[in-house]
Amino acid sequence: MPDLGLDVLFKGKNMLRLLGGLWTAVEISLIAVALSIPLGILLGIIMTSKNPIVKAVTRIYLEFVRIMPQLVLLFIVFFGSTGALGWNISGELASVIVFTAWGTAEMGDLVRGALISIPKHQYESAAALSLTSAQTYIYVIIPQTVRRLIPLSINLITRMIKTTSLILMIGVVEVLKVAQQIIEANRMTSPNAAFGVYLAVLLIYFILCWPISLLARRLEKKWG
Amino acid sequence: MNWDFIWKYLPMYGEAALLTVKIGLAGIGIAIPVGFFCAVIQYFKVALLRRIVSVYIEISRNTPLLIQLFFIYYALPKIGIPTNPSVCGVAGLAFLGGSYMAEAFRSGLEAVETVQMESALSLGLKRGQALLYVILPQAVSVSVPAFVANIIFLLKETSVFSAVSLMDLMFTAKDLIGQYYKTTESLFMLVVFYMIILLPVSILGSVLERRVRRAGFGS
């Protein structure tokens, strides 16, 4: 049995440090999701507008944010805005901005999809009952779209958590960075630490994301 | 915007983009058959293999590519599996992509009604034949949109390759920013090159989707 470097995980506070690093990434994902959901709902409603200019602008925003790799967006905000606007932005703030912008686009598209999947006669019947357009949304359309949206939004959380691992690349100290530090510190005593530590990181992410995915799938089946 | 700078480093970006595309295509090229076999195993509910496939799919879908790459690149050599940046990139992308492709094929296969399989069997076709001539042609057209979305997703994911020291577009951009402080120019080229790679796939995707919808059977 080769030395798998698992002992390093149980030395001192190493496991706690890894989890602390994970929390940095999860915190950013949660803030971004919390901001993306209301903004995305708003964007989704705006996107169903018939105004061609509004349509074009939202469409371009959506396509650009979705087609660019998230890492490119992080680079643009983190390095680009510093150069162009002359401010100093922390990696954490840049991440929150990028993931909120991305999440809003994804959520907006989901909301738009859910809204246009509501048959037209729902709107017409509501109008025939002389509901105002605000009333139509609150009492008729939103209750029907929410069921469709909840599983998809939960999925967005796992995607967000997985994608925030990228913040390592703009120098935020998160779980991978902590893992590197631990491996580096134990280089002499435990040369195979890389195996144990990266395996642990992989499993931590899995343990975090898997239940959320299962929940989303269950809800999708139940309400789908 | 310093155009001389852009001109000068254009070939460097071109090479990096080529590397991104090469490794991306190799990874996707492996991911497609992997996904296909996984989906077929799940469709026919092959004992044991089916369990292995579902464990693979869950692990691959619920961990980030960056972590998978770190594991392949830094951890596997410790237990005697040697690797190098390109192999690691292809393997990581194939590992991630396989599960996404499997889900795309699976949703296509499930969309074909069971009566199709039963009719094929009652006509005396073998299960393999039924799959090949009856089920697949219908399933593929259903899974095309998910399939193209996965290709775009996987090409986007290649942006993390610089973490395992592949000199891809991100690596080049970061390198130039660090060396010359030409941030705007470096990022501009980065965006342009990703557009060149991803926009055609995205457009092709929407064209295909429209075509396939027309080819749909019975609806």
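Residues numbered from 1 in each chain as written. Chains lettered and ligands numbered in written order. Predicted model: local features only at pLDDT ≥ 70, side-chain atom pairs only at ≥ 80, totals over all residues. Heavy atoms only, no water.

Asks: Mind showing me how you'd approach the interface of chain B and chain A here?
Replies: Reports often express the size of an interface as the amount of accessible area lost when the parts come together. Counting residues at the interface gives 33 residues for chain B and 35 residues for chain A. Between chain B and chain A, the buried area comes to about 3,300 Å², and carbon and sulfur atoms account for 77% of it. Broken down residue by residue, the surface that chain B buries against chain A is led by B:Asn62, B:Ile67 and B:Lys78, which jointly contribute 18%. Taken together, chain B and chain A are joined by 1 salt bridge. Measuring nitrogen to oxygen at the nearest pair gives 3.1 Å for the salt bridge that ties A:Arg217 to B:Glu58. Put simply, chain B and chain A have 8 residue pairs in polar contact (both at pLDDT 80 or more) between them. If you list the elements that add at least two residues to the side of chain B that touches chain A, you get α2 (49-61), α3 (65-75), α7 (169-180) and α8 (183-215) of chain B. In terms of residue count, α8(B) provides more of the side of chain B that touches chain A than any other element does, 9 residues in total. Class assignment for the residues of the side of chain B that touches chain A results in 21 nonpolar, 7 polar and 5 charged. (Contact = heavy atoms within 4.5 Å. Buried area = accessible area lost by both parts, 1.4 Å probe. Salt bridge = Lys/Arg side-chain N within 4 Å of Asp/Glu carboxyl O. Polar contact = N/O pair within 3.5 Å; in protein donor to acceptor, adjacent residues only side chain to side chain. Helix = DSSP H or I, 4+ residues; strand = E, 2+ residues; numbered from the N terminus. Nonpolar A, V, L, I, M, F, W, Y, C, P; charged D, E, K, R; others polar.)

Asks: Help me understand the packing of helix α1 (residues 3-43) of chain B against α2(B), please; the structure alone is not making it clear to me.
Replies: How two helices pack is summed up by the angle between their axes together with the distance between the axes. Residue and element names in this part refer to chain B. It is at 9 Å that the axes of α1 and α2 come closest, and there the two elements cross at 130°. Judged by the inter-axis angle, α1 sits oblique to α2. Note on packing geometry: the crossing formed by α1 with α2 is left-handed. On α2, the residues that touch Val34, Cys38, Ile41 and Gln42 of α1 are Leu49, Arg50, Val53, Ser54, Tyr56 and Ile57. The residue inventory of the contact of α1 with α2, partitioned by class, reads 7 nonpolar, 2 polar and 1 charged. (Axes fitted to C-alpha atoms, helices over the stretch in contact; angles between N-to-C directions. Parallel < 35°, antiparallel > 145°, perpendicular 65-115°, else oblique. Left-handed = near helix turned anticlockwise from the far one by under 90°.)

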